[in-house]
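# Observations on the model geometry
Here is how the chains run, residue by residue.
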Amino acid sequence: MWTWFHRLASPPSFYRFADRLAPWLLLLALLLLAAGSYAGLFIAPADYLQGDVFRVIYVHVPAAALSLFIYVLMSVAAAIALIWRMKLAECAIAAAAPIGASFTALALVTGMLWGKPAWGAYWVWDARLTAELVLLFLYLGVIGLNQAYADARTAARACAWLALVGVVNVPIVHYSVQWWNSLHQGSTILSLQGVMNPKISPDMLWPLLLTLSGFFLFFFAVWLRRLQNEVLLRERRARWVQELIPS
Amino acid sequence: MKSLLSAMWAVFARELRLALRRPAEAAQPLVFYCVLALLFPLGLAAQDAALREVAPAIVWVCALLAALLGIERLFRGDVDDGTLELWLLAATPLALLVAAKLAAQWLLIALPLLIAAPIIALALNLDAGAARVLLASLLLGTPVLIFSGGFAAALTVGAPRAGLLIPILVLPLMCPALIFGAGAVRAAQTGLSVQGPLYFLAALLLIAVTLLPIATAGALRNAVD
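Because the structure is predicted, anything quoted here is derived from the model rather than measured.

Tallying secondary structure elements over chain B gives nine helices and zero strands in all. Counting helices and strands in the order they occur from the N terminus, chain B gives α-α-α-α-α-α-α-α-α. A globule of 225 residues ought to have a C-alpha radius of gyration of about 17 Å, and chain B, at 18 Å, matches this closely. In terms of overall dimensions, chain B has a C-alpha envelope of 55 × 35 × 30 Å along the principal axes. Across the 225 residues that make up chain B, the buried fraction comes to 50%. Restricting the contact set of chain B to residue pairs at least 6 apart, pairs at least 24 apart contribute 81%. Counting every atom, chain B has about 10,500 Å² of accessible surface; 71% of that belongs to carbon and sulfur.

Written out as structure tokens, the structure reads:
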């Protein structure tokens, strides 16, 4: 098991591993997303209060969950990159940041589109929304910093420091709905209580679980592909890359 | 222990001496702060009641901008003349030297702002009670601004064209200080308890002063290696 992990950390074997895994993840993700979207749009009943507007949760909740998850993943990769100086972890930060920024932006935009009919305003300066906006700026900072350096390894470690410091924001986003009297509703499914005793009707829940897992698999597929590109770019002088891609 | 303190003191004193050799440059943040804060009443209508309501935000945003003013150049000189390399070689942990430098920066940048703040508060029609809370919030909050600015400066010191990045990098770090700092003054104005936001600021201060120098030192080491 450990030797397998060790081998996976070397760029060539990771590249081959990702090459085999990514297509299947993407296929599964697209199937789940298609099924989840169909179920969410046509099968799930309309909300008795909000009507069809509530259906935006099938995009909003997965995007918001991923925006936090990707940041945590990035900071774990950052710690690994700083402590063990592992090349693959450095690539992982650079590969994850743009995806995380896109999901954060998606969560914000879908939230705004829902907020207009539900709250009567596209934007309110509430703890959850503000903290999520700050998260977007953290992602943009990592992306910008990564491009500011000529040397890829220096850039990656600067990003790693930023990602580590920024991780304090993640619990603030997650618990903001409990700590402050937020207009945003509390967590419905991402808690143990929510799993034992769901606060959402089952025929609305299962399409959400479908899109949620679809989004996560989609992220992993895209992340692996971006990681592959990142590895190729950094190892472009290495023998195995030149054998793989004869220029 | 004694050599630790004397090394930190040396860095601290050097920082002050360097700044005092160029008094005009050292006065820049203060002048910037005062001019910026006094432009707001000119933009609003004369004797506007809204001025009093936005005054906490004005004072705090101006302090934030003044702290950002020269932050890009904070470590550049030390990198260019080789000081930083000596710091890296020194027996004293880099984080402590960085903390000493940032403490000196706080004295140079933020202390004049604190002294000017009551006058600014008067100009913006803040009452005495709110002005006292404003001072307390600035006292607790400005080190957070300086230390997070130092972290951003350390991240970008190896990348000459990253100056424009600094606002994006520091915004997430400075946001909480701004929210609770201006929040405390607003609470004082409306007669609410100011303890909550001030305690939050104090917590931020402790985190910034203890943990950020370590991250700053790591980023500096990375930029020079």
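In total, this model carries 15 aromatic pairs over all chains according to the counting rule given. The rings of Phe69(A), Phe216(A), Phe219(A), Phe220(A) and Trp223(A) are connected pair by pair, giving a single aromatic cluster.

With 25 residues of chain B at the contact, the number on the chain A side is 17 residues. Looking at the side of chain B facing chain A, the largest losses of area belong to Leu155(B), Pro172(B) and Asn222(B), adding up to 30% of the total buried there. Inspection of the chain B/chain A interface yields zero salt bridges. Here chain B is connected to chain A by four residue pairs in polar contact (both at pLDDT 80 or more). Mapped onto the side of chain B that touches chain A, the elements with two or more residues apiece are helix 7 (128-156), helix 8 (166-189) and helix 9 (195-224) of chain B. For the side of chain B that touches chain A, the element with the highest residue contribution is helix 9 of chain B, accounting for eight residues. Residues that form the side of chain B that touches chain A fall into these classes: 20 nonpolar, four polar and one charged.

It is worth spelling out the pattern of salt bridges at this point. Enumeration over the complete set of coordinates arrives at 13 salt bridges over all chains. A salt bridge links Asp78(B) to Lys101(B), with the nearest nitrogen and oxygen atoms 2.7 Å apart. Taken together, the residues span a long stretch of sequence, with Asp78(B) in helix 4 (residues 76-80) and Lys101(B) in helix 6 (residues 94-123) at a distance of 23 residues. A single burial state applies to Asp78(B) and to Lys101(B), both of which are buried. Among the charged side chains, a network of salt bridges with common partners joins Glu90(A), Arg153(A), Arg157(A), Glu230(A) and Arg234(A).

To continue, consider a nonpolar patch on the surface. Residue and element names in this part refer to chain A. On the surface, Tyr38, Leu41, Phe42, Ile43 and Trp206 cluster together into a nonpolar patch covering about 580 Å² of accessible area. Of all the elements, helix 2 (residues 11-43) adds the most residues to the nonpolar patch, at four residues. Accessibility expressed as a relative area gives 59% for Phe42, which makes it exposed.

Another aspect to go through is unusual backbone geometry. Note: most peptide bonds trans; most residues except glycine with negative phi. Phi is positive for Arg85(A), which is not a glycine, with a value near 55°. A relative accessible area of 46% places Arg85(A) in the partly exposed class.

All names here are of chain B. By secondary structure assignment, the location of Ser148 is in helix 7. Engagement of the side chain of Ser148 in a polar contact is seen with the backbone oxygen of Leu145, the distance being 3.3 Å. If near-sequence neighbours (up to four positions away) are discounted, Ser148 is found in contact with Val170, Leu173, Met174 and Leu212.

Basis of the calculations
- Each chain carries its own residue numbering, running from 1 in the direction its sequence is written.
- The naming scheme follows written order: chains are lettered A onward, ligands numbered 1 onward.
- Restriction of local features to residues with pLDDT of at least 70 applies here, the model being predicted, together with a cutoff of 80 or more for giving and counting side-chain atom pairs; totals for whole chains, interfaces and linings are based on all residues.
- With hydrogens and water set aside, each side-chain value is computed from the structure's full complement of heavy atoms.
- Counting from the N terminus, the helices are DSSP H or I runs at least four residues long and the strands are E runs at least two residues long.
- This radius of gyration counts C-alpha atoms alone. The globule rule is 2.2 Å times how many residues there are, raised to the power 0.38.
- Exposure categories follow from relative accessible area, calculated using a 1.4 Å probe and restricted to protein chains: below 20% of the type maximum is buried, above 50% is exposed, and the middle band is partly exposed.
- By definition in these notes, contact holds between two residues if any of their heavy atoms fall within 4.5 Å.
- Areas reported here follow the Shrake-Rupley algorithm with a probe of radius 1.4 Å; residue values treat only the protein chains shown as occluding.
- When two rings of Phe, Tyr or Trp (its six-membered ring) have centres within 6.5 Å they constitute a pair, described as stacked for plane angles under 30 degrees, edge-to-face for angles over 60, and tilted for the intermediate range.
- Buried area: the accessible surface (1.4 Å probe) lost by two parts on joining, summed over both.
- Salt bridge, as applied in this entry: a Lys or Arg side-chain nitrogen positioned within 4 Å of an Asp or Glu carboxyl oxygen.
- By the criterion applied in these results, polar contacts are pairs of N or O atoms within 3.5 Å in which, for protein atoms, one can donate a hydrogen and the other can accept it, and in which residues neighboring in sequence qualify only through two side-chain atoms.
- For this classification, the nonpolar set comprises Ala, Val, Leu, Ile, Met, Phe, Trp, Tyr, Cys and Pro, the charged set comprises Asp, Glu, Lys and Arg, and every other residue, Gly included, is treated as polar.
- Two joining distances apply to patches: 9 Å for like charges and 5 Å for nonpolar side chains (Val, Leu, Ile, Met, Phe, Trp, Tyr), and every residue must have over 30% relative accessible area and no salt bridge.

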